[in-house]
Amino acid sequence: MTTLDGFQTDDRTDRTPEPHDSRLREVTAARQEAVAALFDPVTCRHLEELGVGPGWRCWEVGAGGATVAAWLAKRAGPTGKVVLTDTDASRAEAAARPVESRVHRLGRDEPPGEGFDLVHARLTLAGTPDPDRALRTMIRALRPGGRLLVEEADLELQPLLCPEESGAEQQLGNRLRLGLRHLLARQGVDLAHGRRLPRLLREAGLRRVEADVYVPLASEACGRLETATVAQHRATLTAAGVTTDEEIDRHLANVAAGGMDLAATPLVSVRGRRP
């Protein structure tokens, strides 16, 4: 799954990369690297504030680039345990030791264990067939007092690629962003899922629920993420009549020139404790 900003919805738009399709795998890797560069500092700040340390048992849901799982393994140390799960066997197996990796379908399979001190999912929950069931699965895997950190996109909070639309380049970028956002909404993607998470965690019985929102702006990684996202969704955009190949080439050239202040989709980070 990946949204228009590299988030989790690509099985709703373009097909999942096949092992033999090296170009799509390259795009996926570039997107994961950009997402890690933009959001790992935010995620790790939350994990530090939650107190992750030696001996912790952690479940990382969704491999991505496995950077967060590696960070958790370093903090948990030899007396701790980090289990990383993903629906894609190749991504799960790519995790470096001492992370324990497993193939797992969130919301369909049973948790990969019980009594976790921490369960973390970033840009994963909204892409599951049943997000409510997936959330209950993660909470059930926590020990009493265990922490849950869920991070999701909210495309409605700030829908533009260029918040300051100061010229033709920015206008084109925003038209492409809004066009793909419209296509995702037509396909049933919940564009405002992130803002619902605090309420969902409270309704699920978690305590001390807190949230914040991070919107990257004018970062080099925003350009890399936009380039990878447009490359992945190019066929979808042109087939739907949102844009043309010529306009996409012009937009990618504008992004590469580095003269636009690009924004990534807001990331909503929500955390709580199981009673």
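Everything below is about the structure shown above.
Chemist: Give a description of a nonpolar patch on the surface that names residues and reports values.
Modeler: Together, Leu-157, Val-213 and Val-215 line one region of the surface with nonpolar side chains, adding up to about 230 Å² of accessible area. Overall, Val-215 belongs to the partly exposed group, its relative accessible area being 34%.

Chemist: A description of the side chain of Asn-254 should follow, citing residues and the corresponding values.
Modeler: Of note, Asn-254 is situated in helix H8 (residues 245-257). With residues up to four places along the chain from it excluded, the contact list for Asn-254 reads Glu-169, Leu-172, Gly-259 and Met-260.

Chemist: Which residues make up the packing of aromatic side chains, and what values do they have?
Modeler: Following the criterion strictly, the structure yields 2 aromatic pairs and no others. Judged by centre distance (6.1 Å) and plane angle (35 degrees), the rings of Trp-59 and Phe-116 are tilted. One end of the pair, Trp-59, is in strand S1 (residues 57-61); the other, Phe-116, is in strand S4 (residues 116-122), and 57 residues separate them in sequence. With relative accessibility at 0%, the residue Trp-59 sits in the buried group. On the accessibility criterion, Phe-116 (0% relative accessible area) is buried. Just above the ring of Phe-116 sits the side chain of Arg-57; from NZ or CZ to the centre is 4.9 Å.

Chemist: Describe in detail the nonpolar core, supporting the description with residues and values.
Modeler: Judged by nonpolar contacts, the single largest core of 22 residues is most densely connected at Trp-59, Val-119, Leu-125, Leu-135, Met-138 and Leu-148. At 4 residues, the largest contribution of residues to this core is made by helix H4 (residues 131-140). Ranked by size, the runner-up nonpolar core spans 20 residues in total, among them Leu-38, Ala-221, Leu-225 and Leu-262.

Chemist: Tell me what's going on with the sheet that holds strand S6 (residues 207-214), and back it up with residues and numbers.
Modeler: The strand order across the open sheet built from 7 strands is S3-S2-S1-S4-S5-S7-S6, with neighbouring strands paired in mixed fashion. Every other strand in the sheet has two partners, leaving strand S3 (100-103) and S6 as the edge strands with one partner each. Direction aside, neighbouring strands of the sheet carry axes that sit 15 degrees apart on average. Packing against the sheet, helix H2 (residues 67-76) makes contact with S1, strand S2 (81-86) and S4, and its axis sits at approximately 165 degrees to S2.

Chemist: Report on helix H6 (residues 193-203), specifying residues and quantitative values.
Modeler: When H6 is considered as a whole, its buried residues turn out to be His-193, Gly-194, Leu-197, Pro-198, Leu-200 and Leu-201. In the stretch just after H6, Gly-205 is the one whose phi turns positive, near 100 degrees.

Chemist: Which residues make up the packing of helix H7 (residues 220-239) against H8, and what values do they have?
Modeler: The interhelical angle for the contact between H7 and H8, taken along N-to-C directions, is 180 degrees, at an axis separation of 10 Å. Regarding the angle of H7 to H8, the classification is roughly antiparallel. Here H7 contributes Gly-223, Glu-226, Thr-227, Val-230, Arg-234, Leu-237 and Thr-238 to the contact with H8, which in turn contributes Asp-245, Ile-248, Asp-249, His-251, Leu-252 and Val-255.

Chemist: Hey, could you go over unusual backbone geometry for me, with residue numbers and the actual values?
Modeler: A positive phi is found at Arg-208, a non-glycine position, where the angle reads about 50 degrees. As for its placement among the helices and strands, Arg-208 is situated in strand S6. A positive phi angle is found at Ala-218, which is not glycine, with a value near 60 degrees. Looking at the element boundaries, Ala-218 is found in the loop between S6 and H7. Under the relative-accessibility criterion, Ala-218 is labelled partly exposed at 49%.

Thresholds, definitions, all that
Residues numbered from 1 in each chain as written. Predicted model: local features only at pLDDT ≥ 70, side-chain atom pairs only at ≥ 80, totals over all residues. Heavy atoms only, no water. Patch = residues over 30% accessible without salt bridge, like charges linked within 9 Å, V, L, I, M, F, W, Y side chains within 5 Å. Areas by Shrake-Rupley, 256 points an atom, 1.4 Å probe, with all protein chains shown as cover. Salt bridge = Lys/Arg side-chain N within 4 Å of Asp/Glu carboxyl O. Buried < 20%, exposed > 50% of the residue type's maximum accessible area, 1.4 Å probe, protein only. Helix = DSSP H or I, 4+ residues; strand = E, 2+ residues; numbered from the N terminus. Contact = heavy atoms within 4.5 Å. Phe/Tyr/Trp six-rings, centres within 6.5 Å; stacked < 30°, edge-to-face > 60°. Lys NZ or Arg CZ within 6 Å of the ring centre and 35° of its normal. Core = buried A, V, L, I, M, F, W, Y, C linked by side-chain atoms within 4.5 Å. Pairing = 2+ DSSP bridges. Axes fitted to C-alpha atoms, helices over the stretch in contact; angles between N-to-C directions. Parallel < 35°, antiparallel > 145°, perpendicular 65-115°, else oblique.

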